[in-house]
Amino acid sequence: MSIENRPSDQREALLSLSGEIDYETAQELRTAVSSVLDGNIDTLVIDLAGVTFLDSTGIGTLVVAKRICHSMGVKLHIRRPNPFIARLFAVVGVSDILGVPIPPGTVSGRLPQPRERGVTQPA
């Protein structure tokens, strides 16, 4: 995996990833995300256009990055995942968390939300 860290403007950082994000390389991604979260940015963009493989460790790393950014008041945007990775996010159920649209024809693995109390659903 390679990571290019470029500030895109004064309050936004861009991490462009390429190669494989897996158990062996996830620590590099964690380190890169931590290095840009220095309190001087409002937005972090992670560009996945060059990513050729993503395993569960890589997905987990992105989800944790999203949560850390949220807790710091930083917006995290995942950009340009290839169609396979976008479907993978949907099947695993993290598309909503990561803000990646579910590709047409893909069934999301996200669990249904609990019903509201007092509202009955037709059987």
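Residues numbered from 1 in each chain as written. Predicted model: local features only at pLDDT ≥ 70, side-chain atom pairs only at ≥ 80, totals over all residues. Heavy atoms only, no water.

1. Points about the environment of valine 92
Definition in use: Secondary structure elements follow DSSP: runs of H or I of four or more residues count as helices, runs of E of two or more count as strands, with numbering from the N terminus.
Among the structural elements, valine 92 can be located in helix H3 (residues 83–92). Taking C-alpha positions, valine 92 is 9.0 Å from serine 56, a pair spaced 36 residues apart along the chain.

2. Here we look at the side chain of threonine 43
Cut-off, in case you're wondering: For each residue, the accessible area found with a 1.4 Å probe, counting protein chains only, is set against the maximum for its type, and the residue is called buried under 20%, exposed over 50%, and partly exposed in between. Two residues qualify as a contact provided that any one of their heavy atoms is within 4.5 Å of a heavy atom in the partner residue.
Take threonine 43: it is sitting in strand S3 (residues 43–54). Under the relative-accessibility criterion, threonine 43 is labelled buried at 13%. Residues in contact with threonine 43, not counting those within four places in the same chain, are Arg11, Glu12, Ala13, Val74, Lys75 and His77.

3. Overview of the environment of tyrosine 23
Note that tyrosine 23 resides in the loop between strand S2 (12–21) and helix H1 (26–36). Sequence separation between tyrosine 23 and leucine 54 is 31 residues; the distance between their C-alpha atoms is 9.3 Å. Beyond its immediate sequence surroundings of up to four residues, tyrosine 23 is in contact with Asp55 and Thr57.

4. Observations regarding the nonpolar core
Selection rule: Nonpolar cores were defined as sets of buried Ala, Val, Leu, Ile, Met, Phe, Trp, Tyr and Cys residues, with membership established by side-chain atoms within 4.5 Å.
Within the largest apolar cluster, 29 residues are counted, with the highest numbers of intra-cluster contacts made by Leu44, Ile46, Leu48, Leu62, Ile78 and Phe89. Looking at this core, the elements that each hand over two or more residues are S2, H1, S3, helix H2 (56–72), strand S4 (75–79) and H3. Dropping the residues within four chain positions of it, phenylalanine 89 is found in contact with Leu48, Leu54, Ile59, Leu62, Ile78, Pro81, Val94, Ser95, Leu98 and Val100.

5. Points about H1
Rules: As used here, the arc belongs to the directions running from the helix axis to the C-beta atoms.
Every buried residue belonging to H1 is among Ala26, Leu29, Ala32, Val33 and Val36, and all of these are buried. Take H1 and look down its axis: the buried residues cluster within an arc of 120°, on one side only.

6. Regarding a nonpolar patch on the surface
Put simply, the test is: Patches here: salt-bridge-free residues with over 30% relative accessible area, like charges joined within 9 Å, nonpolar side chains (Val, Leu, Ile, Met, Phe, Trp, Tyr) joined within 5 Å. We get accessible surface area from the Shrake-Rupley algorithm with a probe of 1.4 Å; when it comes to residues, only the shown protein chains can shield them. Definition used for salt bridges: Asp or Glu carboxyl oxygen within 4 Å of a side-chain nitrogen of Lys or Arg.
On the surface, Val64, Ile68 and Met72 cluster together into a nonpolar patch covering about 240 Å² of accessible area. Tracing the chain through its elements places methionine 72 in helix H2. For methionine 72, a relative accessible area of 42% translates into the label partly exposed.

Such coordinate-based values are descriptive only and should not be taken to indicate function.
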